[in-house]
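Letter by letter, the chains look like this.
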Amino acid sequence: MIRPIDEVRARVASQKTLLPGFYGKIDFDRTPERFTEDPGLAVARDRNPLGVSVSQDDLDRVRAYTMLGDIVADAYAALIPQFGFRRLIDMLVAACERGITAAPDVPPELAAFIAEMEAAPDWIDMDLVREGQRLDRNAAAHLGPFAIRGAFVATFLNKYSALPMALTGTLGAETAAKRVNETAAFFTTTLLPGSLERHGEGFKAAAMVRLMHSMVRFNALRSGRWNAEVYGVPIPQVDQMPAGLIPIFLMSFQMLRKGRRRFTPAERAKVELARYRCFLLGLPQDLLADTPEGIVRMMTARDSTLRRGFDDETCGALIRATLDAYLPPDESPANRLHDRIERRFAKAFFLRHFMRGDRKRAASMGIEVTPADEATFIVVALLVTLQMKAFDLADRLPVLRHVAEAAMVHRIRALLKRYGHAEFTTDGASYRPTNAKAAA
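Rules behind the numbers
Residues numbered from 1 in each chain as written. Predicted model: local features only at pLDDT ≥ 70, side-chain atom pairs only at ≥ 80, totals over all residues. Heavy atoms only, no water. Helix = DSSP H or I, 4+ residues; strand = E, 2+ residues; numbered from the N terminus. Rg over C-alpha atoms; globule rule 2.2 N^0.38 Å. Contact = heavy atoms within 4.5 Å. Areas by Shrake-Rupley, 256 points an atom, 1.4 Å probe, with all protein chains shown as cover. Lys, Arg positive; Asp, Glu negative; His and termini not counted. Charge placed at Lys NZ, Arg CZ, Asp CG, Glu CD. Polar contact = N/O pair within 3.5 Å; in protein donor to acceptor, adjacent residues only side chain to side chain. 1 Å grid on protein atoms, 1.4 Å probe; cavity = no way out; pocket = protein on both sides within 12 Å on 5 of 7 lines; lining within 4 Å. Points joined across faces, edges and corners; volume = space filled by probe spheres on them. Nonpolar A, V, L, I, M, F, W, Y, C, P; charged D, E, K, R; others polar. Core = buried A, V, L, I, M, F, W, Y, C linked by side-chain atoms within 4.5 Å. Buried < 20%, exposed > 50% of the residue type's maximum accessible area, 1.4 Å probe, protein only. Phe/Tyr/Trp six-rings, centres within 6.5 Å; stacked < 30°, edge-to-face > 60°. Salt bridge = Lys/Arg side-chain N within 4 Å of Asp/Glu carboxyl O. Expected span 1.5 Å × (residues − 1). Axes fitted to C-alpha atoms, helices over the stretch in contact; angles between N-to-C directions. Parallel < 35°, antiparallel > 145°, perpendicular 65-115°, else oblique. Left-handed = near helix turned anticlockwise from the far one by under 90°. pLDDT = per-residue confidence, 0-100.

Draft legend 1. Representation of the overall build of the protein chain. A tally of regular secondary structure across the protein chain gives 21 helices and zero strands. Rg of the C-alpha trace for the protein chain: 21 Å, near the compact-globule value of 22 Å for 440 residues, within the 12% margin. Its C-alpha atoms give the protein chain principal-axis dimensions of about 60 × 50 × 45 Å. Restricting to contacts in the protein chain with at least 6 residues of sequence separation, those with at least 24 account for 80%. When the accessible surface of the protein chain is summed, it comes to about 19400 Å², and 56% of that surface belongs to carbon and sulfur atoms. The distance from the centre of the 60 positive side-chain charges to the centre of the 53 negative ones in the protein chain is 4 Å.

Draft legend 2. Structural context of the side chain of R275. Structurally, the position occupied by R275 is in helix α15 (residues 265-280). Side chain to side chain, R275 and E272 meet in a polar contact 3.0 Å long. Setting aside anything within four residues of it in sequence, one finds R275 in contact with W123, I124, R268, Q285, L288, A289 and D290.

Draft legend 3. Summary view of empty space enclosed by the protein. As enumerated under the stated definition, the model contains three cavities of 30 Å³ or more in all. The volume enclosed by the largest cavity comes to roughly 110 Å³. Every residue along the wall of the largest cavity is listed here: P145, I148, N181, A184, L327, P328, H338, E342, R418 and Y419. Put simply, the parts of the chain that give the lining of the largest cavity at least two residues each are α9 (144-153), α11 (173-189), α18 (333-354) and α21 (398-419). For the lining of the largest cavity, the residue count by class is six nonpolar, two polar and two charged. Along the walls of the second largest cavity sit M241, L245, I248, L287, A289, G294, I295, M298 and M299, which together make up its complete lining. The set of elements that each furnish at least two residues to the lining of the second largest cavity consists of α14 (241-257) and α16 (292-303). In terms of residue count, the dominant contributor to the lining of the second largest cavity is α16 (four residues). Of the residues in the lining of the second largest cavity, the class split is eight nonpolar, one polar and no charged.

Draft legend 4. Quick peek at the nonpolar core. Among the nonpolar cores identified, the biggest contains 135 residues, and Y76, L92 and F113 are the most heavily contacted of them. In terms of residues, this core owes the most to one element, helix α12 (residues 201-223), which gives ten residues. What F113 contacts, discounting residues up to four positions off in sequence, is V72, A73, Y76, L92, A207, R210 and L211.

Draft legend 5. Summary view of the packing of aromatic side chains. Evaluation of the coordinates by the stated rule reveals 16 aromatic pairs. Summarising the aromatic geometry, the rings of F152 and F156 are spaced 5.3 Å apart at their centres and angled 90° between planes, so their arrangement reads as edge-to-face. Between the aromatic rings of F349 and F354, the centroid separation amounts to 6.2 Å while the plane-to-plane angle is 65°, which identifies the pairing as edge-to-face. Look at F354 and you get partly exposed, because its relative accessible area is 23%. Grouping aromatic residues by their ring pairs yields a cluster made of F146, F345, F349, F350, F354 and F377.

Draft legend 6. Representation of the pattern of salt bridges in the model. Within this structure, the stated rule accounts for 40 salt bridges. Here E267 makes a salt bridge to R260, at a shortest N to O gap of 2.6 Å. Judged by its relative accessible area of 31%, R260 falls in the partly exposed class. The shortest N-O distance in the salt bridge between R401 and D395 comes to 3.3 Å. Using a relative accessible area of 29% as the deciding quantity, one classes R401 as partly exposed. Linked by salt bridges that have partners in common, E131, R134, D395, R401 and E405 make up one network.

Draft legend 7. Spatial organisation of helix α8 (residues 126-142). For α8, which comprises 17 residues, the first-to-last C-alpha distance of 25 Å matches the rise-based estimate of 24 Å (1.5 Å per residue) to within 8%. Restricting attention to buried positions, one finds in α8 the residues M126, V129, G132, Q133, R134, L135, D136, R137, N138, A140, A141 and H142. In this structure D125 caps α8, since a side-chain oxygen of it lies 3.0 Å from the backbone nitrogen of D127.

Draft legend 8. Examining the packing of α9 against α18 more closely. It is the contact of α9 with α18, at a shortest axis distance of 8 Å, that shows an interaxial angle of 50°. In terms of orientation, α9 and α18 fall into the oblique class. The two elements α9 and α18 meet at a crossing, and its hand is right-handed. Contacts from P145, F146, A147, R149, G150, A151 and V153 of α9 reach α18 at H338, D339, I341, E342, R343, F345, A346, F349, F350 and F354. Among the residues forming the contact of α9 with α18, the class breakdown is eleven nonpolar, two polar and four charged.

Draft legend 9. Representation of the confidence of the model for the protein chain in the model. On average, the protein chain scores 91 in pLDDT, and the residues at 70 or more come to 94%. Counted against residues more than four places away or in other chains, residues 433-440, with its pLDDT under 50, gives 23 contacts.

Draft legend 10. Quick look at the packing of α8 against α15. It is the contact of α8 with α15, at a shortest axis distance of 7 Å, that shows an interaxial angle of 105°. By the criterion of interaxial angle, the relationship of α8 to α15 is roughly perpendicular. Along its contact with α8, which presents M126, L128, V129, E131, G132, Q133, L135 and D136, the element α15 presents A266, R268, A269, K270, E272, L273, Y276 and R277. Per-class residue counts for the contact of α8 with α15 are eight nonpolar, two polar and six charged.

Below, the structure written as structure tokens:
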């Protein structure tokens, strides 16, 4: 059920009284600078793409969710002074793996956090989610290792949404590598069979990501370095939309461009997987449409109200750190070769999918795409496409389907080993000042 806008606003305002340690000093009646009514000043200027019109209700909804954190996870993170961040993590892991009674003296905030995640909504079809997992393994296994860096860089194009990462000290190549691999590990983990069930690895990973985001909010707001009048709340619900929905947004956009208005069964399964994964991360149904038009409309509402802003000391530093990061687990000859190929692919992938081929703009951000990068992209894209098509064909043949599925799961597990153990933690002691400036 889509919440009435007045109910959404009331939920946003309730943060001040429910979580005064987090939000007591924030004026929720004030619209932060990051939100703009004028699409000419926003990341996306067209509020009527392909005839899909963004309504005033959509804009009001995005405005409200721009100021919403994660009430249940934030309440648990607020216990850091009492328990310490490591104890909170250990209790959460135990609750995910063995049940809420596994950890002694479980605080009620943890019980409420887990209960919200356990309550699978009636607007989610879990059979479709499982089918979406199966179908998405192909791209994750073959394209994922090459595309993850370029997609991660794209999250740093806007200073308003990138600032939390800068504050957490993610400006060095080593820390950037850890965050890229953790992001890859999260999405890959959620594709394992059974991983999104109550005691699955994907469910636990989603809980860990939510707690990490809440810890970032807690430490950023407590640090005194966060300007809520400019940036709103750290990592609001609307800033989690791109990571969870970009693949199905691009798919929906291409469908509408071709005149298609209905998903195929396979496409619908992938959409349902994305929606459920976003639900586990705390996003509300309001932001998780299930039609091509709805998905494009809500993402456009978000992007056409997010004020443009690129601060080199924040965005540029994050981009350069991510491009400089060495992602493989060791420096064997094979891994060094993979690193060189993957970096070239990532730069060209970023240019094509997020810069719309604008080399000058990419160069101004520190991303120089050479002819060798483009050639590498073409060769790798061809090989990846052939691999994916071969597995798609095997999936259609009953005699080969189970063999192909087993091979895909084996490949996914090998990738997770390569990405390394994801801790999904953030320590306030490592936070650093940021020189990001407010927009004029």
